[in-house]
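Residue-level listing of the chains:
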Amino acid sequence: MSFVEPFLSPVILFFLLGAFAALARSDLAIPEPIAKAMSLYLMAAIGLKGGVSVAAHGLEAGLIWAALAALALSFLIPIPVFGLLRGFGRLDSTNAGAVAAHYGSVSVVTYVTATEMLRIAGTPPAGYMVAALALMETPAIVTGLLLARRASGATARVDERSGLWHEVLLNGAVVLLVGSFVIGMIAGPDRFAPVAPVFEGGFRGILCLFLLDMGLIAVRRLREARALTVRLATLALLIPVANGMLGVAVGSAIGLDIGSAAALGVLAASASYIAVPAAMRLALPAADPGLYLAMSLGITFPFNVVIGIPLIATVARMLGT
Amino acid sequence: MSFVEPFLSPVILFFLLGAFAALARSDLAIPEPIAKAMSLYLMAAIGLKGGVSVAAHGLEAGLIWAALAALALSFLIPIPVFGLLRGFGRLDSTNAGAVAAHYGSVSVVTYVTATEMLRIAGTPPAGYMVAALALMETPAIVTGLLLARRASGATARVDERSGLWHEVLLNGAVVLLVGSFVIGMIAGPDRFAPVAPVFEGGFRGILCLFLLDMGLIAVRRLREARALTVRLATLALLIPVANGMLGVAVGSAIGLDIGSAAALGVLAASASYIAVPAAMRLALPAADPGLYLAMSLGITFPFNVVIGIPLIATVARMLGT
Amino acid sequence: MSFVEPFLSPVILFFLLGAFAALARSDLAIPEPIAKAMSLYLMAAIGLKGGVSVAAHGLEAGLIWAALAALALSFLIPIPVFGLLRGFGRLDSTNAGAVAAHYGSVSVVTYVTATEMLRIAGTPPAGYMVAALALMETPAIVTGLLLARRASGATARVDERSGLWHEVLLNGAVVLLVGSFVIGMIAGPDRFAPVAPVFEGGFRGILCLFLLDMGLIAVRRLREARALTVRLATLALLIPVANGMLGVAVGSAIGLDIGSAAALGVLAASASYIAVPAAMRLALPAADPGLYLAMSLGITFPFNVVIGIPLIATVARMLGT
Amino acid sequence: MTDTVERVRVEILVDQPLLRRVEQIARDVGINGYTLLPSLGGLGASGPWRDDQLSGAQAKILFLTITSRTRAERLTDTLSDLLDSHGLLLVISRVEVVRGAKFE
Amino acid sequence: MTDTVERVRVEILVDQPLLRRVEQIARDVGINGYTLLPSLGGLGASGPWRDDQLSGAQAKILFLTITSRTRAERLTDTLSDLLDSHGLLLVISRVEVVRGAKFE
Amino acid sequence: MTDTVERVRVEILVDQPLLRRVEQIARDVGINGYTLLPSLGGLGASGPWRDDQLSGAQAKILFLTITSRTRAERLTDTLSDLLDSHGLLLVISRVEVVRGAKFE
Ligand SMILES: Nc1ncnc2c1ncn2[C@@H]1O[C@H](COP(=O)(O)O)[C@@H](O)[C@H]1O
Ligand SMILES: Nc1ncnc2c1ncn2[C@@H]1O[C@H](COP(=O)(O)O)[C@@H](O)[C@H]1O
Ligand SMILES: Nc1ncnc2c1ncn2[C@@H]1O[C@H](COP(=O)(O)O)[C@@H](O)[C@H]1O
Ligand code: NA
Ligand code: NA
Ligand code: NA
């Protein structure tokens, strides 16, 4: 994938258009229920397609390794990230724990964009990588909370905890992703065909419109950020690079194909802005949402879409040959 | 249609996923305007396709008979249902009248799901059955109100009545369904072709997403039901079976093809949860919405989708040969 | 294009269905966020398709002439319209200025409907006409405000003006239209192909549903209009005819093909109901929104869709041969 | 400071199918200004509800008007049948407005 | 005129992820009626927000109940931890209602 | 019971195109907290409206702030031109809040 190619693709160009409109303070806005619906659609579509692909190719050995690697990455990534945020970033432990949880978890849209770009480059990831995506959503929340609480000595009340774990494990995004994956596996390619016009044919066009909205949201989020320092902004650029390299390296090491290794890298590099912020509002209310959303959504997300994904794909190709 | 086949179809599987998510108290939710839009889309699509099919095949004799049968079923079904609800169900006459009106009327989504499953089984209903669907929406409301009021001796005020009939006859769902049917007849297959990607290609995929939402809504509705007794829950399972058998029998008797007879059965078996609840809020405010929605939407709807439709289709095939 | 043909097309029939439903006071309604999303979709789609077509055919000489003509029409049309409204229409200068601005500007949906009907008639407009559309959105606002203010002697405060120009030039509709056009030009036909199912395949079906909503809105708007006199209603019919003829004549004179000349006529004939009303609420709050929306949306818009477009297309064909 | 005068704020939570009738009654008693606000759900004697109904059968809308005490009383009286039969919520409170002539 | 009685209106601006808990607490202190209203955005000590979050992490919902002074105080007391830890906005005002028995 | 202090609640119904300006003026007079609520439609001197406008030209948003009497007066005064020229609705009422320091 050449470094110019992404900037010729409607998917990325719509993202840039959204970012431009927000920078120019245009009043362009996608209605909130539509944005929500598009994100649900993308999850259902990617889940279904992953499941159908697994049904077509059978359960490959790679799945097990990818799943284990995904779990380990999500659990462990928050630890060094927490250290960086406390040290170089000068954050208190509550905010550092909250931000670290975001970076250990994943962004579905970043993943979807990456699969699209990897497909264009001729190296699509395996269908089972959707399972890795789903597995990486939540472990980081555990680690992030432990880090925040160990450091601050706080202990959560029991009722709070139970509500939290329910929220985290049965989070709508996770349920829809995993559910659609299972439906795809059960239905298989033949029964998928009648719904393919919506979930396959519509996929790239909807992704364009959704990324238009994400461009708007990311820039608006960044502009309203108050607590963001130069050090933290720098980390929001460096952390995804480091995590992305780690993810690709692990992917190659466990023998994934180029596309799947790149996808694992993108998952590691991406930061959540759906499940984790909601969990943090519940469990770490003293952490500043303005800060963690500015970092994950305002900086890391656009960085990954525009630079991170092609970079990680390039490294995956180098390691894969 | 084997009894396992439906559970392999994405349409039904998404319904079950929604039901599971609601049972597990996940926060998965489709934004309300999107759900509303999908239901309007399905009505426009089914109306259009019905009209185009009538334009292609000409007005068949079956249409007249199906229309008369549909009207009779909708007018008359509430009477025995009212008796069952008063007797076995121990409901007061106001609530019994309200619930009976729901069972005489129809559920568009149940019908749409049935056409989809009949199509898979190779016995699609005739396009004109959409007219039967539209005709069955409102007569039951008349009967239900008469039953409730005769029994309770209440008489509606004139202004109330006029508002009510306007509401009922020019109900958005009826207008859209009938209007799209007429548009389909005028336009015909050739002029339908350019809009087919949306109304034909998109149909099954949108139905999946809509049934996902219906699964969520049905289970949540059932859980919040307070007034539901075991007797009423039992009736909510028995009434659709009885009405379904009645509908299929009538359909076969008047000489409809297998798919159309099954569709008439499904219409008779299904219970309204759109037009009728709104009319009942206006005309019978003392009836409990928690009750009639729990029965029609919380029990009968999922029962029909999962068990009723295949059962009715099987009976139609037996009668049809 | 025969004068009957439009009334057989689903696109126009859905518009009439919406108008009928509103006339009959049905409660049929498209949720507001959906209507907003469909209008954004149509702008993105028409922008993209225009850009792709320019990428495919290269920049033709017609583009420059069409752009200059579009600018001139938008700047100048408000002047005679203002005169008619003041004289025959007996409007005060504030309201006359506000209404004149609407008629100098354009309606995207009217344009989209026209391209659809011109395409059916075998004379689609050139892709670059989308640029003319975008260029005509705002100049009329300048002229309208100057007319209103010169006549009333009012001067806007500086801060008001800056907010206004920002609003007008970076209006979401303009940004999306121009942005999508540029994206289409950059991406070109090959990279457009993967998103074509959404932006090309879905176009006509979505247009149907959107025009259903526009029919509802136009009639409801007209019914609620209080300030509308017979004289003003007459002008709302005459002005689009006059402007349409002017636009077609200019288009033919500068050598545009039949479809593009007709499109320029439709642009001149159409009246804004998106960008201009918002600008008028800011800059001329004393003007009555009930009035200018009743004229542009309640009368001129349906007139153009049903009569104006075929009329202009006919004239274009006569001039073009 | 800009002068303010006392008025009352009347809020009525109306089932969507009843909205037209309440609007008509308000106009009939001489109320010439009101605003409609959306609601999402709630809990009441008849159990919990969410605006998840496709029919809008259970959707409720908040009808809000700022008016004089006299008109508010006339509205409450005229609506009382409907309040009883349909169990609508009606709340009155005191407010101050600028440019009082608008809110008779 | 239809008789009215005094009650208090309690409004709480609740982060969406906390809504279930606030509803539960309200039921626990004996509040048997409330209505939920949507919000679009705002400004506070923690900066501006818009409901543009796909997660609803920053969406806020207005919890509104009409109740007796006693129950309102009990609610405020029981919620006070949550009000502090999550910085929720709680506002109380006096209102009149018809058919007061509904609003204990 | 948790202590409460008196504040005022100011509500302004703002045409969407004017919202930015009202927000800016509020910040300028020192208001550091407010919430925006959606509306659906209404009736006024200039006739009925519904939020059916694609442009949002007629959409209106309810700007709500809890603040001190002094700041409220300053806001009303500063806004008075806009209130007159654009005919905005502004309503003031008394409320009690817990943790009053948040609402200066
Ligand atoms: N005390 C209350 N405070 C606020 N809203 C209420 C109250 N009681 C009832 N409601 C609202 O009115 C609706 C109908 O109430 P009910 O008729 O008691 O079921 C409820 O679902 C709530 O949305
Ligand atoms: N004085 C106020 N008036 C109205 N709403 C407020 C006020 N202060 C805070 N809010 C709302 O409460 C949210 C959270 O406030 P805070 O915790 O101060 O950031 C804000 O974003 C506003 O929506
Ligand atoms: N007395 C009132 N009570 C509540 N809302 C009002 C009142 N008067 C006007 N409004 C609202 O303010 C909008 C504009 O009012 P006007 O400027 O009088 O047309 C109306 O459409 C209503 O939404
Ligand atoms: Na990550
Ligand atoms: Na039935
Ligand atoms: Na024009």
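In this text, all values refer to a predicted model and were calculated from it rather than measured experimentally. Numbers given for residues are sequential positions, taken from 1 along each chain in its written order. Written order determines the labels here, with chains lettered from A and ligands numbered from 1. Local features are withheld for residues below a pLDDT of 70 in this predicted model, meaning they are given only at 70 or higher, and side-chain atom pairs are given and counted only at 80 or more; totals for whole chains, interfaces and linings count all residues. With hydrogens and water set aside, each side-chain value is computed from the structure's full complement of heavy atoms.

**Details of the overall build of chain D**
Here comes step 1: Helices and strands together make up the secondary structure of chain D, namely two helices and six strands.
Here comes step 2: By the criteria applied, helices consist of DSSP H or I runs no shorter than four residues and strands consist of E runs no shorter than two, each listed in order from the N terminus. When the helices and strands of chain D are listed from N to C terminus, the series reads β-α-β-β-β-β-α-β.
Here comes step 3: The C-alpha extent of chain D, read off along each of the three principal axes, is 45 × 30 × 20 Å.
Here comes step 4: For each residue, the accessible area found with a 1.4 Å probe, counting protein chains only, is set against the maximum for its type, and the residue is called buried under 20%, exposed over 50%, and partly exposed in between. The buried share of chain D, taken over its 104 residues, is 64%.

**Things to note about the overall build of chain A**
Here comes step 1: For chain A, the count of helices and strands is 16 helices and zero strands.
Here comes step 2: Principal-axis analysis of the C-alpha atoms gives chain A an extent of 55 × 45 × 40 Å.
Here comes step 3: Taking all 321 residues of chain A together, the buried fraction comes to 66%.
Here comes step 4: Two residues form a contact once any of their heavy atoms are found within 4.5 Å. When contacts within chain A are restricted to residue pairs at least 6 apart in sequence, those whose partners lie at least 24 apart make up 88%.
Here comes step 5: Only the protein chains shown count as cover for residues, and all accessible areas are computed by the Shrake-Rupley method using a 1.4 Å probe. Element-wise, carbon and sulfur atoms account for 70% of the exposed surface of chain A, whose accessible area totals about 10,200 Å².
Here comes step 6: Counting 19 positive and 16 negative side-chain charges, chain A places the centres of these two groups 8 Å from one another. Charged-residue counts in this description rest on Lys and Arg as positive and Asp and Glu as negative, His and the chain ends being excluded. For charged residues, the charge sits on one atom: NZ in Lys, CZ in Arg, CG in Asp, CD in Glu.

**Focus: the coordination of the sodium ion (ligand 6)**
All names here are of chain C.
Here comes step 1: Looking at the metal site, the sodium ion (ligand 6) is ligated by Tyr 103 (O), Ser 105 (O), Leu 267 (O), Ala 268 (O) and Ser 270 (O), spaced 2.4 to 2.8 Å from it.
Here comes step 2: Donor atoms are limited to N, O and S found within 2.8 Å of the metal ion, a distance that becomes 3.2 Å for Na, K and Ca. With water left out, some sites might look partial. Counting gaps between the donor residues of the sodium ion (ligand 6) yields the pattern Y-x1-S-x161-L-A-x1-S. In this pair, Tyr 103 is assigned in helix H5 (residues 93-104) and Ala 268 in helix H14 (residues 258-269), connecting sequence segments 165 residues apart. In this structure, Tyr 103 and Ala 268 share a single accessibility class: buried.

**Details of the packing of helix H15 (residues 275-283) of chain A against helix H16 (residues 289-320) of chain A**
All names here are of chain A.
Here comes step 1: Lines fitted to C-alpha atoms define the axes here, with helix axes fitted over just the stretch in contact, and angles between the N-to-C directions of these axes take values from 0 to 180 degrees. The geometry of H15 relative to H16 is characterised by a closest axis approach of 11 Å and an angle of 165 degrees between their N-to-C directions. Viewed along their axes, H15 and H16 adopt a mutual orientation that is roughly antiparallel. Considering the relative orientation of H15 and H16, their crossing is right-handed. Residues Pro 277, Met 280 and Arg 281 of H15 pack against Pro 289, Tyr 292 and Leu 293 of H16.
Here comes step 2: Split by residue class, the contact of H15 with H16 holds five nonpolar, no polar and one charged. Throughout, the term roughly parallel applies to angles under 35 degrees, roughly antiparallel to angles over 145, roughly perpendicular to angles from 65 to 115, and oblique to all others. The crossing is said to be left-handed when, going from far helix to near helix, the turn is anticlockwise and less than a right angle, and right-handed when the turn is clockwise. Throughout, the ten residues Ala, Val, Leu, Ile, Met, Phe, Trp, Tyr, Cys and Pro are labelled nonpolar, Asp, Glu, Lys and Arg are labelled charged, and all others, Gly among them, are labelled polar.

**Regarding the site of ligand 3**
Here comes step 1: Note on definitions. A residue lies near a molecule or strand when any single heavy atom of the residue is within 4 Å of it. Near ligand 3 you find 18 residues, and of these Thr 35 and Ile 66 of chain D together with Ala 45, Ser 46 and Trp 49 of chain F are the closest.
Here comes step 2: At the site occupied by ligand 3, the surrounding residues belong to chains D and F.
Here comes step 3: Identification of polar contacts relies on pairs of N or O atoms within 3.5 Å, with a donor-acceptor requirement for protein atoms, meaning one able to donate a hydrogen and the other able to accept it, and with residues adjacent in sequence counted only if both atoms are side-chain atoms. Separating an oxygen atom of ligand 3 from a side-chain N or O atom of Thr 35 of chain D is a distance of 2.8 Å.
Here comes step 4: Taking Ile 66 of chain D, its main chain carries an N or O atom lying 2.9 Å from a nitrogen atom of ligand 3.

**With respect to the site of ligand 2**
Here comes step 1: By nearness alone, 18 residues border ligand 2, and Ala 45, Ser 46 and Trp 49 of chain E together with Thr 35 and Ile 66 of chain F come closest of all.
Here comes step 2: Neighbouring residues of ligand 2 are distributed over chains E and F.
Here comes step 3: The contact in question runs from an oxygen atom of ligand 2 to an N or O atom on the backbone of Ala 45 of chain E, over 2.7 Å.
Here comes step 4: Considering ligand 2 on its own, with 480 Å² of exposed area, one finds that the protein chains cover 92% of that surface.
Here comes step 5: Those elements that place two or more of their residues in the shell around ligand 2 are strand S3 (41-44) of chain E together with strand S2 (34-38) and strand S5 (60-67) of chain F.
Here comes step 6: The residue makeup of the shell around ligand 2, split by class, is nine nonpolar, seven polar and two charged.

**Concerning the interface of chain A and chain C**
Here comes step 1: On the side of chain C, 26 residues touch chain A, which itself brings 27 residues to the contact.
Here comes step 2: Here the quantity called buried area is the accessible surface, traced with a 1.4 Å probe, that two parts lose on coming together, added over both. Of the roughly 2,100 Å² buried at the junction of chain A and chain C (both faces included), carbon and sulfur atoms supply 78%.
Here comes step 3: We count a salt bridge whenever a side-chain nitrogen from Lys or Arg sits within 4 Å of a carboxyl oxygen from Asp or Glu. The interface formed by chain A and chain C holds zero salt bridges in total.
Here comes step 4: Seen at the junction of chain A and chain C, the total is two residue pairs in polar contact (both at pLDDT 80 or more).
Here comes step 5: Taken together, the elements giving at least two residues each to the side of chain A that touches chain C come down to helix H1 (10-23), helix H2 (32-57) and helix H12 (203-224) of chain A.
Here comes step 6: Per-element accounting of the side of chain A that touches chain C gives the leading share, six residues, to H12 of chain A.
Here comes step 7: Partitioned by chemical class, the residues of the side of chain A that touches chain C number 18 nonpolar, five polar and four charged.

**Looking at the nonpolar core**
Buried together is how nonpolar side chains tend to be arranged in soluble globular proteins.
Here comes step 1: Among the nonpolar cores identified, the biggest contains 444 residues, and Phe 199 of chain A, Phe 199 of chain B together with Phe 199 of chain C are the most heavily contacted of them.
Here comes step 2: With residues up to four places along the chain from it excluded, the contact list for Phe 199 of chain C reads Gly 205, Cys 208 and Leu 209 of chain A together with Tyr 41, Ala 44, Ala 45, Leu 48, Lys 49 and Phe 192 of chain C.
Here comes step 3: Of all hydrophobic cores here, the second largest spans 30 residues; its members include Leu 64 and Leu 89 of chain D, Leu 89 of chain E together with Leu 37 of chain F. In this description, a nonpolar core means a group of buried Ala, Val, Leu, Ile, Met, Phe, Trp, Tyr and Cys residues linked to one another through side-chain atoms lying within 4.5 Å.

**Considerations on the coordination of the sodium ion (ligand 5)**
Here comes step 1: Distances from the sodium ion (ligand 5) to its protein donors, Tyr 103 of chain B (O), Ser 105 of chain B (O), Leu 267 of chain B (O), Ala 268 of chain B (O) and Ser 270 of chain B (O), fall within 2.4 to 2.8 Å.
Here comes step 2: Each donor residue of the sodium ion (ligand 5) belongs to the same chain, with the gaps between them written as Y-x1-S-x161-L-A-x1-S.

**Section: the pattern of salt bridges**
Here comes step 1: Following the criterion strictly, the structure yields 27 salt bridges over all chains and no others.
Here comes step 2: The closest approach of N and O atoms between Arg 204 of chain B and Glu 200 of chain B, which form a salt bridge, is 3.7 Å.
Here comes step 3: Linking Arg 9 of chain D and Glu 11 of chain F is a salt bridge whose minimum nitrogen-to-oxygen distance equals 2.2 Å. Pair noted here: Arg 9 of chain D is in strand S1 (residues 4-15) and Glu 11 of chain F is in strand S1 (residues 4-15), and the two residues belong to different chains.
Here comes step 4: Judged by relative accessible area, which is 5%, Arg 9 of chain D ranks as buried.
Here comes step 5: The network of salt bridges with shared partners includes Arg 9 and Glu 11 of chain D, Arg 9 and Glu 11 of chain E together with Arg 9 and Glu 11 of chain F.

**Here's the deal with the side chain of Asn 243 of chain A**
All names here are of chain A.
Here comes step 1: Structurally, the position occupied by Asn 243 is in helix H13 (residues 230-253).
Here comes step 2: On the accessibility criterion, Asn 243 (7% relative accessible area) is buried.
Here comes step 3: When neighbours within four sequence positions are excluded, Asn 243 is seen to be in contact with Ile 77, Val 81, Tyr 103, Gly 265, Ala 268 and Ala 269.

**Considerations on the packing of helix H6 (residues 108-120) of chain C against H14 of chain C**
Residues and elements named next belong to chain C.
Here comes step 1: Close contact between H6 and H14 brings their axes to 10 Å; oriented N to C, the two are set at 155 degrees. Between H6 and H14, the crossing angle belongs to the class labelled roughly antiparallel. Along this stretch, H6 crosses H14, giving a crossing that reads as right-handed. Contacts between H6 and H14 involve Thr 110, Tyr 111, Ala 114 and Leu 118 from the first element and Gly 259, Ala 262, Ala 263, Val 266 and Leu 267 from the second.
Here comes step 2: Residue composition of the contact of H6 with H14, by class: seven nonpolar, two polar and no charged.

**A word on the relation of the copies chain A and chain C**
Superposing the two chain copies requires a rotation about an axis and a translation along that axis.
Here comes step 1: For these two chains of identical sequence, chain A goes onto chain C by a turn of 120 degrees and a shift of 0.0 Å along the axis, with RMSD 0.0 Å. Seen this way, the second copy is the image of the first under a three-fold rotation axis.
Here comes step 2: When the interface residues of chain A are mapped onto chain C, a mere 7% of them again lie at the interface, so each copy presents a different face. What sets the superposition is a least-squares fit of C-alpha atoms, and only residues with pLDDT of at least 70 in both copies go into it.

**A short note on helix H12 (residues 203-224) of chain C**
Here comes step 1: With 22 residues, H12 of chain C should reach 32 Å at 1.5 Å per residue; the first-to-last C-alpha distance of 31 Å fits that figure.
Here comes step 2: Across the 22 residues that make up H12 of chain C, a large majority, 17, are buried. Here a helix's expected span is defined as the number of its residues, less one, multiplied by 1.5 Å.

**Examining the packing of aromatic side chains**
All names here are of chain C.
Here comes step 1: Each Phe, Tyr or Trp ring (for Trp, its six-membered ring) is paired with any other whose centre lies within 6.5 Å, and the angle between the two planes then decides the class: stacked below 30 degrees, edge-to-face above 60, tilted in between. As enumerated under the stated definition, the model contains 15 aromatic pairs over all chains in all.
Here comes step 2: Taking the centre distance of 6.0 Å and the plane angle of 10 degrees together, the rings of Tyr 41 and Phe 199 count as stacked. With a gap of 158 residues between them, Tyr 41 in helix H2 (residues 32-57) and Phe 199 in helix H11 (residues 196-201) connect regions that are remote in the sequence.
Here comes step 3: For Phe 199, a relative accessible area of 0% translates into the label buried.

**Focus: a nonpolar patch on the surface**
Here comes step 1: On the surface, a nonpolar cluster with roughly 280 Å² of combined accessible area is contributed by Val 178, Val 182, Met 185 and Ile 186 of chain A.
Here comes step 2: In this structure, Val 182 of chain A sits in helix H10 (residues 172-192). Any residue with relative accessible area above 30% and no salt bridge may belong to a patch, with like charges joined within 9 Å and the nonpolar Val, Leu, Ile, Met, Phe, Trp and Tyr side chains within 5 Å.

**Observations regarding the confidence of the model for chain D**
Here comes step 1: Each residue carries a pLDDT score, the predictor's confidence in it, ranging from 0 to 100. For chain D, the mean per-residue pLDDT works out to 88, and 91% of the residues sit at or above 70.
Here comes step 2: The complex prediction reports pTM at 0.94, with the ipTM value standing at 0.93.

**Points about the pairing of strand S5 (residues 60-67) of chain D**
Residues and elements named next belong to chain D.
Here comes step 1: Of all eight residues in S5, eight are buried, a share of seventy percent or more.
Here comes step 2: Along S5, one buried face is formed by Lys 60, Leu 62, Leu 64 and Ile 66 and the opposite face, lined by Ile 61, Phe 63, Thr 65 and Thr 67, is buried too.
Here comes step 3: Here, strands pair whenever DSSP counts at least two bridges between them. Bridging between S1 and S5 involves eight bridges; their strand directions are antiparallel. Looking across to S5, one finds that Val 8 is bridged to Thr 67.

**Quick look at unusual backbone geometry**
Here comes step 1: Even without being a glycine, Arg 25 of chain A presents a positive backbone phi close to 55 degrees.
Here comes step 2: Assignment of secondary structure puts Arg 25 of chain A in the loop between H1 and H2.

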